[in-house]
Amino acid sequence: MSTFPTARAVRTTPEGLLWEPSARWVRGLKGDVTVVDSRHPVLVWEPDVPVPLYAFPRAEVREDLLCPAKNPPTGTHTGSRIFYDLEADGETVENAAWTFPAADLADHIAFEWFRRVGRGLDHWYEEEEEIFIHPRDPHKRVDAIPSSRHVVVQIDGTVVADTRRPVLLFETGLPTRYYIPREDVRLDLLEPTDHSTGCPYKGTARYWSWRAGADVPPNIVWSYPDPLPAVGAVRGLLAFFNEAVGIIVDGEPQERPVTPFTPMLSSPSPE
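All residue numbers refer to position in the chain's written sequence, counted from 1. For this predicted model, a pLDDT threshold of at least 70 governs which residues receive local features, and a threshold of 80 or more governs which side-chain atom pairs are given and counted, while totals over whole chains, interfaces and linings are taken from all residues. The side-chain quantities take in all heavy atoms of the structure and omit both hydrogens and water.

**A short note on the overall build of the protein chain**
Our working definition: For the purposes of this entry, the term helix denotes a DSSP run of H or I that reaches at least four residues, the term strand denotes a run of E that reaches at least two, and both are numbered from the N terminus. The contact criterion used is simple: two residues touch if any of their non-hydrogen atoms lie within 4.5 Å. Using the Shrake-Rupley algorithm and a 1.4 Å probe, accessible areas are obtained, with residue cover drawn only from the displayed protein chains. Neither His nor the chain termini are counted; the positive set is Lys and Arg, and the negative set is Asp and Glu. Each charge is placed at NZ for Lys, CZ for Arg, CG for Asp and CD for Glu.
The helix and strand inventory of the protein chain stands at two helices and 23 strands. Principal-axis analysis of the C-alpha atoms gives the protein chain an extent of 60 × 45 × 35 Å. Partitioning the intrachain contacts of the protein chain with sequence separation of at least 6 by distance along the chain shows that 49% fall at a separation of at least 24. Accessible area of the protein chain: about 13,900 Å², with a carbon and sulfur share of 51%. The average position of the 27 basic charges and that of the 40 acidic charges among the side chains of the protein chain differ by 3 Å.

Below, the structure is given as structure tokens:
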């Protein structure tokens, strides 16, 4: 009989890495080629990086597709010195993989994710579900809860949304996001853009910009037309960046939070 741990089983390396074993079956593909097929992955958090990545036992990686990197970016990934180029699906991807300098992880290989950094493996799966951008943090919650709060959104002094039937999305480490039915949003004041982003917790978002321009940054409104099942309540609803608009909840103006998104919202420069 094994004792299931009751506390977070995260381990720390002298290099400042945090890591813990994961029970998920993880696969990574480049095109149609399966490069990683692992039932013993570990999650790794690098210093000052808020999201984790996976590293895999060498035996669960197609090492025959890897060769020593021709131009290794020495010093990146917490001082890693061993990098690999990937040759798969008729393409060579430079610095697609690496080994962390920590003794605990010396027998593991980590990979870049294409949709996060523009190179690396194209598709990732946890069990039978495709995931995007980065692995999901098992210590992070994302809850979408219908509410009857009165939410008003203002942009440049104009009321853009007014609802008493929002869905509040609570995501660890981020401010509450207020998702609003389309019927309660002045869509005539917004302009759809071709911008999109992916989230491993919510899905793929499409965006709108403030039609009037002024000093309002682009892509300030987003929606998930086909969200992941865990947050299905936000399907088709619109949310606004709290960091750059005025939000009033039950008559109380909300402070504009400072988040990792604040720098990109600090000016109206185009995408």
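**Structural notes on the pairing of strand S10 (residues 108-111)**
Regular strands have side chains that alternate between both faces of the sheet. This is how the line gets drawn: Think of it in three bands: with a 1.4 Å probe and only protein chains considered, a residue is buried below 20% of the maximum accessible area for its type, exposed above 50%, and partly exposed in between. Between any two strands, at least two bridges found by DSSP are needed for them to pair.
Side chains of S10 alternate between two faces, with His 108 and Ala 110 and Ile 109 and Phe 111 buried alike. As defined by bridge partners, strand S6 (residues 53-57) adjoins S10 across three bridges and the pair is classed as antiparallel. If you follow Pro 57 over to S10, its bridge partner there is His 108. Relative to S10, strand S9 (residues 91-99) runs antiparallel, the two being bridged by two bridges.

**Side note on the side chain of His 150**
In plain terms, the rule: Pairs of N or O atoms within 3.5 Å make up the polar contacts considered here, provided that, within protein, one atom can donate a hydrogen while the other can accept it, and that residues adjacent in sequence are counted only when both atoms are side-chain atoms.
The topology assignment puts His 150 in the loop between strand S13 (142-146) and strand S14 (151-155). One polar contact links His 150 to Arg 164, side chain to side chain, over a distance of 3.4 Å. Look past the residues within four positions of His 150 in its chain and what remains in contact with it is Asp 162, Thr 163, Arg 164, Ile 248, Val 249 and Asp 250.

**Focus: the packing of aromatic side chains**
Formally: Pairing of aromatic rings covers Phe, Tyr and Trp, the last counted by its six-membered ring, and requires centre-to-centre distances within 6.5 Å; plane angles under 30 degrees mean stacked, over 60 mean edge-to-face, and any other angle means tilted. Any Lys NZ or Arg CZ that is within 6 Å of a ring centre and within 35 degrees of that ring's normal is treated as a charge sitting over the ring.
Taken as a whole and assessed by the stated rule, the structure comprises nine aromatic pairs. Ring centres of Tyr 179 and Trp 222 lie 6.2 Å apart, and the angle between their planes is 85°; on these two criteria the pair is classed as edge-to-face. Note that Tyr 179 is positioned in strand S17 (residues 177-179) and Trp 222 in strand S20 (residues 221-223), a separation of 43 residues in sequence. In this structure, Tyr 179 and Trp 222 share a single accessibility class: buried. Just above the ring of Trp 25 sits the side chain of Arg 39; from NZ or CZ to the centre is 4.3 Å.

**A few points about the pattern of salt bridges**
Filter applied, for reference: In the sections that follow, a salt bridge refers to a side-chain nitrogen of Lys or Arg positioned within 4 Å of a carboxyl oxygen of Asp or Glu.
Per the counting criterion, the structure on display carries 19 salt bridges. Among the salt bridges present, the one from Arg 27 reaches Glu 128, with a minimum N-O distance of 3.5 Å. On the criterion of sequence distance, the pair formed by Arg 27 in strand S3 (residues 26-30) and Glu 128 in the loop between strand S11 (123-126) and strand S12 (129-131) is long-range, its members being 101 residues apart. Relative accessible area serves as the criterion here: at 60%, Glu 128 is assigned to the exposed category.

**Some thoughts on the confidence of the model for the protein chain**
The cut-off we apply is this: pLDDT is a residue-level measure of predictor confidence that goes from 0 to 100.
Averaged over the protein chain, the pLDDT score is 92; the fraction of residues at 70 or greater is 95%. Confidence drops under a pLDDT of 50 for residues 1-6, and excluding neighbours within four residues, the segment shows zero contacts in the predicted structure.

**Considerations on the sheet that holds S13**
Filter applied, for reference: Note on method: axes are straight lines fitted to C-alpha atoms, helices fitted across the in-contact stretch only, with angles between N-to-C directions ranging 0 to 180 degrees.
An order of S13-S16-S17 is seen for the three strands of this open sheet, with the pairing classed as antiparallel. The open sheet has two free edges, formed respectively by S13 and S17, since each of these has just one partner strand. Each strand of the sheet is rotated relative to its neighbour by a mean of 25°, with strand direction disregarded. Here five bridges tie S13 to strand S16 (residues 167-171), and the two strands are oriented antiparallel to one another. Residue pairing across strands places Val 142 opposite Glu 171, the latter belonging to S16.

**Things to note about the nonpolar core**
Our working definition: Note on terminology: a nonpolar core comprises buried Ala, Val, Leu, Ile, Met, Phe, Trp, Tyr and Cys residues joined through side-chain atoms within 4.5 Å.
In this structure, Tyr 179 and Phe 240 are the most contacted members of the largest nonpolar core, which totals 39 residues. Sorting elements by how many residues they give to this core places strand S19 (residues 203-210) first, with four residues. Contact partners of Phe 240, with chain neighbours within four places excluded, come to Val 153, Ile 155, Val 160, Ala 161, Arg 177, Tyr 178, Ile 180, Val 185, Ile 220, Val 221, Trp 222 and Val 245. Grouped together as the second largest cluster of nonpolar side chains are 22 residues, Val 26, Tyr 54, Leu 86 and Leu 121 included.

**Regarding the environment of Pro 135**
Here Pro 135 lies in the loop between S12 and S13. Given a relative accessible area of 1%, Pro 135 falls into the buried group. Once residues within four sequence positions are removed from consideration, Pro 135 is found in contact with Leu 43, Pro 52, Leu 53, Tyr 54, Trp 113, Glu 126 and Tyr 201.

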